[in-house]
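A closer look at the structure
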Amino acid sequence: MIYGKLRAMLLDGLFAPGAKLKLRELAKEFGTSNTPVREALNRLAAEGSLETAQNRTVGVPIPTVAEVRESRRIRMELEGFAAAEAATRITAAEMEQVERFHQEYLQARQDGDAIRMQHANRAFHFTIYDAARMPMLREMIENFWLRNGPLQRLLHQRGPEPLRPSTRFHQEIVAALHERDAERARKAMRDDIAYPTDAIIVALAEIREGVTSNSLPISTGRSP
């Protein structure tokens, strides 16, 4: 359970690259002892989603520029493919969910609620990926999102401007799914993934200089 909650928190961007995950604080937040939290952190570190420093503190990795660019290129292929597949398979009920999560995302942006916005953005994307009906592909995408979630956090720290294009790309994705246009859905998803790369690289440089804060307030009850 603790492992699942921590995964959800990483996926939703509750921690940015460089954030230190403190064992006792997490145990208190989860209402448990240190042991299951330590085991969950160690498991995530073994998987590469977290890293352990020489002083045994556990934190979110700060990727290099090359790693960011490589990850984006792979995600564009995987998630673009998933969107194209979803365009041919998505049901009416799933389409309603996609549109609802898009509206929740827009409302959260308007309200300035970063946590709600992260939840809605992930739900929007993964409802589409689930509609592709390809479990292995979905698993690969989620593993990349464990590193992408913290990067999304960086965009929120820079204010609304870096996120502005996402509205247009989300709308384009929705339109493509409605039309069952696989290639249009693929392109819109690829564009949505590609556009914030430069802003993320700048934000990572600021983290290395110690300019930005590294975590959102923990809210385990709101993590899916």
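Notes on the overall build of the protein chain
The helix and strand tally for the protein chain stands at 10 helices and 3 strands. Listing each helix as α and each strand as β along the protein chain from the N terminus yields α-β-α-α-β-β-α-α-α-α-α-α-α. In the protein chain, buried positions account for 50% of the 224 residues. A total of about 10900 Å² of accessible surface is found on the protein chain, and carbon and sulfur atoms cover 50% of it. Where the 32 positive side-chain charges of the protein chain centre and where its 30 negative ones centre are 5 Å apart.

Some remarks on the confidence of the model for the protein chain
Residues of the protein chain with pLDDT of at least 70 account for 91%, and the chain-wide mean is 89. Low pLDDT, under 50, characterises residues 216-224; the predicted model gives this stretch 28 contacts beyond four residues in sequence or across chains.

A look at the side chain of Thr-127
Here Thr-127 shows up in helix α6 (residues 114-131). For Thr-127, the side chain forms a polar contact with the main-chain oxygen of Ala-123, separated by 2.7 Å. Sequence-distant contacts of Thr-127, that is, excluding residues within four places in its chain, are made with Glu-94, Gln-97, Val-98 and Phe-101.

Points about the nonpolar core
Ranked by size, the top nonpolar core spans 51 residues in total, and within it Leu-6, Ile-128 and Leu-177 carry the most contacts. When residues in this core are grouped by element, the largest group, 7 residues, is from helix α4 (residues 65-89). When residues no more than four places from it in sequence are discounted, the contact partners of Leu-177 are Ala-83, Ala-86, Ala-87, Ile-90, Met-95, Val-98, Ile-128 and Ala-185. Val-68, Leu-154, Leu-204 and Ile-207 belong to the second-largest nonpolar core, a separate cluster that totals 10 residues.

The rules behind each value
Residues numbered from 1 in each chain as written. Predicted model: local features only at pLDDT ≥ 70, side-chain atom pairs only at ≥ 80, totals over all residues. Heavy atoms only, no water. Helix = DSSP H or I, 4+ residues; strand = E, 2+ residues; numbered from the N terminus. Buried < 20%, exposed > 50% of the residue type's maximum accessible area, 1.4 Å probe, protein only. Areas by Shrake-Rupley, 256 points an atom, 1.4 Å probe, with all protein chains shown as cover. Lys, Arg positive; Asp, Glu negative; His and termini not counted. Charge placed at Lys NZ, Arg CZ, Asp CG, Glu CD. pLDDT = per-residue confidence, 0-100. Contact = heavy atoms within 4.5 Å. Polar contact = N/O pair within 3.5 Å; in protein donor to acceptor, adjacent residues only side chain to side chain. Core = buried A, V, L, I, M, F, W, Y, C linked by side-chain atoms within 4.5 Å.

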